[in-house]
Structures are given as C-alpha cells and as structure tokens.
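Given next are the chains, with one letter for each unit.
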Amino acid sequence: MFWVLLLLLAWAAAGTSCTRLCLASVRSAAADDTNKTHGRGLTLYEAAFLSGGPARVADLTLVSMARQRRLLLAHTGWATVVDPRGRDEMERSVLGAIGPDGQSRIAPVRTTAAAAESVRVLADRLVAAGLAVPDGARTTVEGAVRQVRAAAVAVVALAAVALLMPSPAEESRALVAVWFTLPLILTLSCLAIARIEVHPYTRWASPAGQRLLSSLTLRAEPDSDDRTYLTSVAVRGIRAIGEPDLRAAFAHRGH
C-alpha cells in the first residue's frame, strides 16, 4: 500500500498548485475594473505603452520628434538634437538621455528614456485605471501556471513509480492508474481554464486596455496623416516606419 502515500503526494501537489492559480486569477480579474474605462480614450503614449511597454514609448517619442524635424535620426544609428526644447515630459526625457552634447547613439537613448520617471508615472496611471497589468499580478499568474504544470509532471512521475512497484494482481494496477488519473485531470483542467481565462492578458495591456487598443486601431482613420502614422508606430512599433532612412536608424539600436 505504499502507492497510497505516493497518491497523497500527488493530490497535495495538484491541490496546492491549482489553489494558487485560482487565487492569482481572481486577483488579476479584480484589477480589471471596466467602469473606470467607460468613455475613456487613449493618448499616443498610452497606446504605445499598452502595445509594447516602456521601450515602445521611447521609440514613439523618438519617431515623433524626428517627424517634426526637432530631432535628426541618422541611418548610422545616431540621434542629433535640432530643437532642444521638449514639449512634454517624454520629450524632455529623450533630450536628457541624449545629453548636453546634443548627439548620442540611439540605443542608449532609447534605454535611458524607457527607464525615465515619466514612463513610470505613465505606467502607474494606466495600472490605476485598470488598463495595464501590474507587474506583481502578471508575475503571480505566470508563476502559478508554471507550478500547475510542474504538478502535472509530478503526478505522472508518481503514478509511474506506483505502477512499477510489485503488485499481486493486474486489477490492482488498474485501480492505481485510475486513482492517479484524478489529480492529473485536476491539473490539466486548471491549465485549460487558465488558458481561456488568463491568456487574454498580454505582457502590458489588461483586457480593458486591449479593448481600448482595438477601438483605437479601428478609429485610426486619421485627423491628419501624421496622427495616423504615429498611431501605427504606437500600436505596431518600428516595423510601421515607412521611411528607409528612419528604419535604418532604428536598425542600429542593438549594436
């Protein structure tokens, strides 16, 4: 009857992990307060953050300033200041990242601007509005899913050990297999439900944020060509850039 102890271990692993996943999913769902987003629109910076995080905000700011001829982004991967006056906190963060010399590589500028206080304030505002996924909630759900997967593997391993143990009859082996199937079904069911319920959360946007992004994309019939262009960059990233020279400038970001 040693297999009973193995079965208890299997149930403990499955029950603990599934309970943690359920609690994490409930906390994440509670953060999605759609009432806060009723009638709310998105700025370009907010759309950029929800689509691609802090790095996308930095890219959008660089592209916007380049489109207005206040920043020169060379195809060699260098950024040169033309107008040193930032019109908002994001632009001032970019100018501060470039430095007093007025020229810098794009890669460090992008990294520094993405980590600026203005981007953190933007992120906090979106989280408070229920549009962005808090770091803690996202990490908790992902960790819980990994724990349930590990529990499912553990149940299979424990079942294999129990079935390989000496048994007086084939009927006993069948009974052992049936009992171990139950915690395995529990873990697989939780993973399936999590796939449906938790999967809509992206890296940055909550379901409410995704709904606003979708409506923004549908409304992207522009008030002006420049607005449409920047909206595409905010939602799709630098792959939406049409100018070959400007695209080449961002191709040097990782060098």
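You'll find the structure just up there.
In this text the structure is predicted, and so the values were computed from the model without any measurement.

Novice: Just give me the short version of the packing of helix α3 (residues 89–98) against helix α5 (residues 117–128), but keep the residues and values in it.
Specialist: Think of two packed helices as two axes; the pair is described by the angle between the axes and how far apart they sit. Put simply, α3 and α5 touch, their axes get as near as 8 Å, and they point 150° apart. Contacts between α3 and α5 pair Glu89, Met90 and Ser93 from the former with Ser118, Val119 and Leu122 from the latter. Considering only residue class, the contact of α3 with α5 consists of 3 nonpolar, 2 polar and 1 charged.

Novice: How would you sum up the environment of Phe250? Please name residues and give values.
Specialist: Its place among the elements puts Phe250 in helix α10 (residues 244–251). In this structure Phe250 comes out as buried when scored by relative accessible area, which is 2%. Taking the C-alpha atoms as reference points, Phe250 and Leu62, 188 residues apart in sequence, are found 9.8 Å from one another. For Phe250, the residues in contact, after removing those within four places along its chain, are Asp59, Leu62, Val63, Leu73, Ile238 and Ile241.

Novice: So what about the nonpolar core? Which residues, and what values?
Specialist: In terms of nonpolar packing, the biggest core is built from 48 residues, with Phe49, Leu50 and Leu73 touching the most fellow members. For this core, the secondary-structure elements that each account for two or more residues are α2 (44–67), β1 (71–73), α3, α4 (106–114), α5, α8 (207–218), α9 (225–236) and α10. In this view, Leu73 contacts Leu62, Ala66, Trp78, Ala79, Ile106, Leu246, Ala249 and Phe250; residues no more than four positions away in its chain are not counted.

Novice: Can you explain a nonpolar patch on the surface? Please cite residues and give values.
Specialist: A contiguous nonpolar patch, built from Trp11, Leu175, Trp179, Leu182, Ile185 and Leu186 and spanning about 520 Å² of accessible area, is present on the exposed surface. At 5 residues, the largest contribution of residues to the nonpolar patch is made by helix α7 (residues 170–197). Mapped onto the elements, Leu186 comes out in helix α7.

Novice: Give me the pattern of salt bridges: which residues, what numbers.
Specialist: Opposite charge on two side chains makes pairing possible when the charged atoms of those side chains draw close. Applying the stated rule across the entire model yields 8 salt bridges. In this structure, the salt-bridge partner of Arg70 is Glu91, at a minimum N-O distance of 2.6 Å. Here the residue Arg70 occupies a position in the loop between α2 and β1, and Glu91 occupies one in helix α3, the gap between them amounting to 21 residues. The salt bridge partner of Glu117 is Arg120, with a shortest N-O separation of 2.7 Å.

What counts, and where the lines are drawn
Residues numbered from 1 in each chain as written. Predicted model: local features only at pLDDT ≥ 70, side-chain atom pairs only at ≥ 80, totals over all residues. Heavy atoms only, no water. Axes fitted to C-alpha atoms, helices over the stretch in contact; angles between N-to-C directions. Helix = DSSP H or I, 4+ residues; strand = E, 2+ residues; numbered from the N terminus. Contact = heavy atoms within 4.5 Å. Nonpolar A, V, L, I, M, F, W, Y, C, P; charged D, E, K, R; others polar. Buried < 20%, exposed > 50% of the residue type's maximum accessible area, 1.4 Å probe, protein only. Core = buried A, V, L, I, M, F, W, Y, C linked by side-chain atoms within 4.5 Å. Patch = residues over 30% accessible without salt bridge, like charges linked within 9 Å, V, L, I, M, F, W, Y side chains within 5 Å. Areas by Shrake-Rupley, 256 points an atom, 1.4 Å probe, with all protein chains shown as cover. Salt bridge = Lys/Arg side-chain N within 4 Å of Asp/Glu carboxyl O.

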